[in-house]
Amino acid sequence: MPLRARTLALAATTALAATGLTLPFAAGASAAPAPAAAPLTSDFNGDGYDDLFVGVPSGTVGGKAKAGYVSVVFGGKYGPGPHGVRRITQATVEVPGTPEAGDRFGGSVAAAHVDDDKYADLVIGAPGEDLSDSGSAAGDAKTDAGSVTVLYGTGDGFAQANTAARGAKSGDVLGNALVAADFTGDTDVDLAIGGKDQVVANFNPLTADTQPVMADRMGGRAPVLTTGDFNNDKLPDLALGYYTQNQPYTQSHLRLYGWNKDEGSMANFWNNSNGAANALASGDFNGDGFDDLAVGNCREIADENIDDPCGPEQLTKGGGIHIRFGDANGSFGWEQQTFNQDTAGMPGVAETGDGFGDALAVADIDADGHDDLIAGAPGEAIGSAAKAGSVTVLKGGEMGLLDPAGAANPGTVAFQQNSPDILGVAQAGDRFGGALAFGDHNGDGALDLSIAAPGENSSAGGVWDLPGARAGGSVVTPNSLGLPASSDPLAYGAVLGK
């Protein structure tokens, strides 16, 4: 569930030495006041700093291609990078399993407090994991069944682990998507887990027991998942989006599921058919106390006869963002807003392939009581550099993310690698903004914005850290962290933990 605050230079120079990037002159000290301290959600070692964690499912481990690993970059006074890094694989002592080619360990990652201590725990999906039942013959192996592991945080970084989900059959690819929340209201963390053509839930991640939430064709894609209280029952709900084309029919859906105490399961209570999404995020953008749903790169796929499931069709060019607002009477989604880069007051111009909204994150950056939405456009061309990428910070306000005239609220701003005080240079294929996350990595009480550019340095990848979501900060790359690089499309930063 998003944070209400919100839940979504010397040392920095040392960390950058191996990246080929240089640290610009420090951004102005007259930055806006920091918001009130946010609860730490990814402090795995209990030192008072959120940690950055990155799934690298394409990583080679012990000569096994795409066995995958997770990079935990510990936070500290100077942000992520100078304070140490931990590379976690299935060869790590605490972790169940063995690195095998194609496991894609780190294909999804999430932080959650699964047990009752002060340390955050790391949840890791391995959708390519091959499994076999105990005592069965080798020929009975379930190929690409998938698995989910919970690795428990401690003062030393991590301790024991357990398996929280196992695919039931070949091709389940369980663990291709993950979110964590207390769906049942029992104060214990639950997991929603994506797989091929299914979403399951685990209401006790200390075990591997799961139950179905939804089964439908998804065209081989992972479902898009987020959480928020959309029906005003004081419990987080699950939002999911998926689509398929010509397999054997075309469809696209956005669905909301909430806990049904009587049935002891997640129940579907809202649907929007024929609208597809590349990203979902929840936040209270108009400050009315009710969670809203942001749908990134929303567009109509399934049926041209359905009236605008993602708002006006002209606003889908280059990627449209569609907002469904919550309200007091429970009629979720009745009030809506839609915009793209051609909307008045919005930086940039809507162009085919921009992917505006392909990644989303939410935080109340300026602590004004209205959540702000950060949108990645990894396909954005910067000058002649195709797919260099950009990120837009959209300010929330009394009417949401637009003002009464239908323009972006004042303060909306875009960043890219050619922006002042942003490290690096915008180059073709960087895909800056390909993934986004928030965490208080430097311990100042303000949420810092993590921006991934998985195409950076010939697809080795990198992650930028912007303190308080303002220009400045630092960047980590596999090279700067001493990690093996990958030229696979799922490179460093493509899977960014939240």
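Residues numbered from 1 in each chain as written. Predicted model: local features only at pLDDT ≥ 70, side-chain atom pairs only at ≥ 80, totals over all residues. Heavy atoms only, no water.

### Observations regarding the overall build of the protein
So, point 1. What the protein contains, in helices and strands, is 3 helices and 29 strands.
So, point 2. Across the 498 residues of the protein, 58% fall into the buried class.
So, point 3. Carbon together with sulfur atoms contributes 49% to the accessible area of the protein, which is approximately 18400 Å² in total. (Helix = DSSP H or I, 4+ residues; strand = E, 2+ residues; numbered from the N terminus. Buried < 20%, exposed > 50% of the residue type's maximum accessible area, 1.4 Å probe, protein only. Areas by Shrake-Rupley, 256 points an atom, 1.4 Å probe, with all protein chains shown as cover.)

### Observations concerning the environment of S459
So, point 1. Within the secondary structure, S459 is located in helix α2 (residues 456-459).
So, point 2. C-alpha of S459 to C-alpha of G429: the two residues are 30 residues apart in sequence and 7.9 Å apart in space.

### With respect to the sheet that holds strand β26 (residues 448-452)
So, point 1. One open sheet holds the 4 strands; their spatial order is β25-β26-β27-β28, and the pairing between them is antiparallel. Every other strand in the sheet has two partners, leaving β25 (435-439) and β28 (474-476) as the edge strands with one partner each. Adjacent strand axes in the sheet meet at a mean angle of 25 degrees when their direction is disregarded.
So, point 2. The pairing of β26 with strand β27 (residues 463-466) spans 4 bridges and is classified as antiparallel. Paired with L449 across the strands is L466, a residue of β27. (Pairing = 2+ DSSP bridges. Axes fitted to C-alpha atoms, helices over the stretch in contact; angles between N-to-C directions.)

### A short note on unusual backbone geometry
So, point 1. The omega torsion of the bond from Q247 to P248 falls at -10 degrees, within 30 degrees of zero and hence cis.
So, point 2. With respect to the element layout, P248 can be found in the loop between β13 (237-244) and β14 (251-260).
So, point 3. With phi around 60 degrees, N246 is a residue other than glycine that occupies positive phi space.
So, point 4. Relative to the helices and strands, N246 resides in the loop between β13 and β14.
So, point 5. You can call N246 exposed: its relative accessible area is 64%.
So, point 6. Look at N274: it is not a glycine, yet its phi comes out positive at around 75 degrees.
So, point 7. Mapped onto the elements, N274 comes out in the loop between β15 (265-273) and β16 (275-276).
So, point 8. Accessibility expressed as a relative area gives 12% for N274, which makes it buried.

### So, the nonpolar core
So, point 1. Core analysis: the biggest nonpolar cluster contains 21 residues, and I374, L436, F438, L449, I451 and W464 have the highest contact counts within it.
So, point 2. Among the secondary structure elements, those contributing two or more residues to this core are β21 (359-363), β23 (390-394), β25, β26 and β27.
So, point 3. When residues in this core are grouped by element, the largest group, 3 residues, is from β21.
So, point 4. The next biggest cluster of nonpolar side chains, apart from the first, holds 19 residues, and it includes A281, M346, L360 and L402. (Core = buried A, V, L, I, M, F, W, Y, C linked by side-chain atoms within 4.5 Å.)

### As for the packing of aromatic side chains
So, point 1. Following the criterion strictly, the structure yields 6 aromatic pairs and no others.
So, point 2. Here the aromatic rings of F203 and W259 are separated by 5.0 Å at their centres, their planes lie at 65 degrees, and the arrangement is edge-to-face. With a gap of 56 residues between them, F203 in the loop between β10 (198-202) and β11 (211-215) and W259 in strand β14 connect regions that are remote in the sequence.
So, point 3. Taken together, the ring pairs in this structure connect F44, F53 and F158 into an aromatic cluster.
So, point 4. Looking at R87, its charged tip hangs above the ring of Y69, at a distance of 4.6 Å from the centre. (Phe/Tyr/Trp six-rings, centres within 6.5 Å; stacked < 30°, edge-to-face > 60°. Lys NZ or Arg CZ within 6 Å of the ring centre and 35° of its normal.)

### Re the pairing of β15
So, point 1. Here β14 pairs with β15 via 8 bridges, running antiparallel. If you follow L256 over to β15, its bridge partner there is W270.
So, point 2. The loop that links β14 with its antiparallel partner β15 comprises 4 residues; one of these, G264, has a positive phi angle of about 65 degrees.

### Focus on the sheet that holds strand β4 (residues 108-112)
So, point 1. As summarised here, the arrangement of the 4 strands in space is β4-β5-β6-β7, forming an open sheet in which the pairing is antiparallel. Both edges of this open sheet fall to β4 and β7 (157-166), since each of them pairs with a single strand only. Between one strand and the next, the sheet's axes are offset by a mean angle of 20 degrees, whatever the strand orientation.
So, point 2. Inspection of the sheet shows strand β5 (residues 121-126) paired to strand β6 (residues 147-154) by 5 bridges, in the antiparallel sense. Across the sheet, the residue bridging to I124 is T149, located in β6.

### A short note on the side chain of D284
So, point 1. In this structure, D284 sits in the loop between β17 (279-283) and β18 (292-300).
So, point 2. Engagement of the side chain of D284 in a polar contact is seen with the backbone nitrogen of G287, the distance being 3.0 Å.
So, point 3. Within the structure, D284 has its side chain in polar contact with the backbone nitrogen of G289 (distance 2.7 Å). (Polar contact = N/O pair within 3.5 Å; in protein donor to acceptor, adjacent residues only side chain to side chain.)

Keep in mind these numbers describe shape, not what the thing actually does.
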